[in-house]
Amino acid sequence: MTNPQTPTAPAHEQAQPTIEQLNSRLERAERKLKGLQWTIPGLAVLAAVPIFMHLDKPTAINAKSIIAESFAVQSAKGDIVAQFSADRDGLPSLALLDANKKVRLMAWVGAAGPSVSLLDPQQVSRATLSLNEKSDPSLSLSNADKLPRSVLAIDTTGSGHLVLYGTAGGLDLSAHKGRVRWTPSDGAPVDAVPAPK
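As the structure is a prediction and not an experimental result, all values here were calculated from the model.

Quick notes on the rules
Residues numbered from 1 in each chain as written. Predicted model: local features only at pLDDT ≥ 70, side-chain atom pairs only at ≥ 80, totals over all residues. Heavy atoms only, no water. Salt bridge = Lys/Arg side-chain N within 4 Å of Asp/Glu carboxyl O. Buried < 20%, exposed > 50% of the residue type's maximum accessible area, 1.4 Å probe, protein only. Patch = residues over 30% accessible without salt bridge, like charges linked within 9 Å, V, L, I, M, F, W, Y side chains within 5 Å. Areas by Shrake-Rupley, 256 points an atom, 1.4 Å probe, with all protein chains shown as cover. Helix = DSSP H or I, 4+ residues; strand = E, 2+ residues; numbered from the N terminus. Contact = heavy atoms within 4.5 Å. Pairing = 2+ DSSP bridges. Polar contact = N/O pair within 3.5 Å; in protein donor to acceptor, adjacent residues only side chain to side chain.

### Some words on the pattern of salt bridges
Right, so step 1: Using the criterion set out here, one finds five salt bridges in the structure.
Right, so step 2: The residue Arg 104 makes a salt bridge to Asp 98 at a minimum N-O spacing of 3.2 Å.
Right, so step 3: Judged by relative accessible area, which is 30%, Arg 104 ranks as partly exposed.
Right, so step 4: Close ionic contact of Asp 172 with Arg 179 constitutes a salt bridge, the shortest N to O distance being 2.9 Å.
Right, so step 5: Owing to a relative accessible area of 16%, Asp 172 belongs among the buried residues under this scheme.

### Overview of a nonpolar patch on the surface
Right, so step 1: Among the surface-exposed residues, Ile 61, Ile 66, Phe 71, Phe 84, Leu 94 and Leu 96 lie close enough to one another that they form a single nonpolar patch of about 540 Å² accessible area.
Right, so step 2: Position of Leu 96 among the secondary structure elements: in strand S3 (residues 92-97).

### Details of the environment of Ser 93
Right, so step 1: On the secondary structure map, Ser 93 appears in strand S3.
Right, so step 2: A sequence separation of 15 residues divides Ser 93 from Trp 108, and the C-alpha atoms of the two residues are 4.1 Å apart.
Right, so step 3: Residues in contact with Ser 93, not counting those within four places in the same chain, are Gln 83, Phe 84, Ser 85, Met 106, Ala 107 and Trp 108.

### A short note on unusual backbone geometry
Backbone geometry follows two general trends: most residues other than glycine have a negative phi, and most peptide bonds adopt the trans configuration.
Right, so step 1: Positioned with a positive phi, Lys 101 is a non-glycine residue whose angle comes to about 65°.
Right, so step 2: Assignment of secondary structure puts Lys 101 in the loop between S3 and strand S4 (103-109).
Right, so step 3: In this structure, Ser 135 is a non-glycine residue whose phi angle is positive, near 65°.
Right, so step 4: Summarising the element assignment, Ser 135 is placed in the loop between strand S6 (125-131) and strand S7 (137-142).

### Overview of the pairing of S4
Right, so step 1: Relative to S4, S3 runs antiparallel, the two sharing five bridges. Bridge pairing links Ser 93 to Trp 108 in S4.
Right, so step 2: Adjacent in sequence and paired antiparallel, S3 and S4 are bridged by five residues, among which Lys 101 carries a positive phi angle near 65°.
Right, so step 3: Relative to strand S5 (residues 114-119), S4 runs antiparallel, the two sharing five bridges. Looking at S5, one finds that Leu 105 is bridged to Leu 118.
Right, so step 4: Following S4, the chain reverses through four residues before pairing antiparallel with S5.

### Focus: the pairing of strand S10 (residues 169-174)
Right, so step 1: Bridge analysis of strand S9 (residues 160-166) against S10 gives six bridges, and the strand direction is antiparallel. Across the sheet, residue His 161 finds its bridge partner in S10, namely Ser 174.
Right, so step 2: Between S9 and S10, which pair antiparallel one after the other, the connecting turn spans two residues.
Right, so step 3: Pairing of S10 with strand S11 (residues 179-184), which is carried by six bridges, proceeds in the antiparallel orientation.

### Overview of the environment of Ser 174
Right, so step 1: As for its position among the elements, Ser 174 is in strand S10.
Right, so step 2: On a C-alpha basis, the gap between Ser 174 and Ser 159 in space is 7.4 Å, while along the polypeptide they are 15 residues apart.
Right, so step 3: Discounting residues that sit within four places of it in the chain, Ser 174 has contacts with Asp 155, Gly 160, His 161 and Arg 179.
Right, so step 4: A distance of 3.3 Å separates a polar atom in the side chain of Ser 174 from the backbone nitrogen of His 176.

### Structural notes on the side chain of Ser 130
Right, so step 1: Topologically, Ser 130 is positioned in strand S6.
Right, so step 2: Setting aside residues no more than four positions away along its own chain, Ser 130 makes contact with Pro 114, Ser 115, Asp 136, Pro 137 and Ser 138.

### Considerations on the environment of Tyr 165
Right, so step 1: Its place among the elements puts Tyr 165 in strand S9.
Right, so step 2: Along the primary structure Tyr 165 and Ser 185 are separated by 20 residues, whereas in three dimensions their C-alpha atoms are 9.7 Å apart.
Right, so step 3: With near-sequence residues (within four places) excluded, Tyr 165 lies in contact with Pro 148, Arg 149, Ser 150, Val 151 and Gly 170.

Written out as structure tokens, the structure reads:
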């Protein structure tokens, strides 16, 4: 039952909100939007932090074996500092590079056997240690002009062999039969210690 003293508004006026109500709703919506303008970027930053933290860490591969034709190692600056690969014949090689991106050490297994070479900044091999097909070792030292200057090796008889080269000629010392031979650049070889007959 309605109170006869309270006038009631017509039905079409009750359904429409007043200007004050609309203003109040608009202010609440604006406050919510202002709160969201900081919430959404904050959530984006929180989501991005773990991604950036993961980018700083190296990727670790946990496997018993990895098969590839080539591997490269890079520095923190992104420069390749080491390369491990196989040639066309499937023979392996390892190259180590310096800060100027020059190969300074090469190790490989050739058809005859393994070798290790030390290179200068101009990419000239200055020292090479290798084994031949009979697994006899040799060490060759060269100058900057790529000329061999000394060779220390085991010869075919299994004896030590030392050869020293210079601009005037070469000195050949062989433990096999105790030979000492001087070969001048402008003359015939001379046996300093004659080989026994």
